[in-house]
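# Understanding the architecture of this molecule
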Amino acid sequence: MPVDFSKFSEKAVRYAAGLAEKFGGKVVLLHVQSVPYYPPELGLMPATFPTFEPQTKALRQKLDTEARRLLPPGVLDRTELRTGTAFDEICNAARKLRADLIVIPTHGYTGLKHVLLGSTAERVVRHAPCPVLTVR
């Protein structure tokens, strides 16, 4: 269950928790910390690359707090924090964990931004190694 700490992902976590309770499953909450993208065509490259350590510690704490707040006891398997491209890391985690299902919210970009950047949920549906439940 990928989360971005939005109200949309909170709704999807509730779906995942309900399914886990009903079918005796466990939920892994995953948050992907994105890496800045510097288009080579524009010649933009930072002098130094950012470090994520302070941010990672805060995100880990937030993820663990959200897990305790949103999931009933006994449903949470664990939390995972990864760094990279969201759809890629979600699909890689599903492969590694041999997930039965990915539950993901369907919010995001519209219009031109959607055409240029795409949708994380859409990419997960196309590349996931298991079924994907999208929550509107």
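Everything below is about the structure shown above.
Residues numbered from 1 in each chain as written. Predicted model: local features only at pLDDT ≥ 70, side-chain atom pairs only at ≥ 80, totals over all residues. Heavy atoms only, no water.

This part covers a nonpolar patch on the surface. Nonpolar side chains collect at one region of the surface, where Tyr15, Leu101 and Leu133 lie side by side and expose about 250 Å² of accessible area between them. With respect to the element layout, Leu101 can be found in the loop between helix H3 (86–97) and strand E3 (102–105). (Patch = residues over 30% accessible without salt bridge, like charges linked within 9 Å, V, L, I, M, F, W, Y side chains within 5 Å. Areas by Shrake-Rupley, 256 points an atom, 1.4 Å probe, with all protein chains shown as cover. Salt bridge = Lys/Arg side-chain N within 4 Å of Asp/Glu carboxyl O. Helix = DSSP H or I, 4+ residues; strand = E, 2+ residues; numbered from the N terminus.)

Our focus in this paragraph is the pattern of salt bridges. A full pass over the atoms with the stated rule returns nine salt bridges. Arg69 is the salt-bridge partner of Glu10, the closest N and O atoms lying 2.8 Å from each other. One end of the pair, Glu10, is in helix H1 (residues 7–23); the other, Arg69, is in helix H2 (residues 53–70), and 59 residues separate them in sequence. Between Glu122 and Arg126 there is a salt bridge, and its shortest N-O distance comes to 3.4 Å. Here Glu122 and its partner Arg126 are both found in helix H5 (residues 120–127), four residues apart, which amounts to about one turn of the helix.

Attention shifts here to the side chain of Glu89. When you line up the elements, Glu89 lands in helix H3. Of note is the side chain of Glu89, whose polar atom sits 3.2 Å from the side chain of Arg82. Here Glu89 is in contact with Leu30, Val32, Arg82, Thr83 and Gly84, once residues within four sequence places are set aside. (Polar contact = N/O pair within 3.5 Å; in protein donor to acceptor, adjacent residues only side chain to side chain. Contact = heavy atoms within 4.5 Å.)

Note on aromatic pairs: each is described by the distance of the centres and the angle between the planes. Applying the stated criterion across every chain yields a total of zero aromatic pairs. Against the face of Phe5 rests Lys62, its NZ or CZ located 4.6 Å from the ring centre. (Phe/Tyr/Trp six-rings, centres within 6.5 Å; stacked < 30°, edge-to-face > 60°. Lys NZ or Arg CZ within 6 Å of the ring centre and 35° of its normal.)

Our focus in this paragraph is the packing of H3 against H5. Axis separation between H3 and H5 bottoms out at 9 Å; the angle between their running directions is 40°. Crossing hand, H3 versus H5: right-handed. Here H3 contributes Ala86, Phe87, Ile90, Cys91 and Arg95 to the contact with H5, which in turn contributes Thr120, Arg123, Val124 and His127. Looking at the contact of H3 with H5 residue by residue, the class counts come to five nonpolar, two polar and two charged. (Axes fitted to C-alpha atoms, helices over the stretch in contact; angles between N-to-C directions. Left-handed = near helix turned anticlockwise from the far one by under 90°. Nonpolar A, V, L, I, M, F, W, Y, C, P; charged D, E, K, R; others polar.)

Take the pairing of strand E1 (residues 27–33) next. Where burial is concerned, most of E1 is hidden: seven out of the seven residues are buried. Here E1 shows no split at all, with Val27, Leu29, His31 and Gln33 on one side and Val28, Leu30 and Val32 on the other all buried. With seven bridges connecting them, E1 and strand E2 (residues 76–83) associate as parallel partners. Looking at the pairing, Val28 lines up with Arg78 of E2. (Buried < 20%, exposed > 50% of the residue type's maximum accessible area, 1.4 Å probe, protein only. Pairing = 2+ DSSP bridges.)

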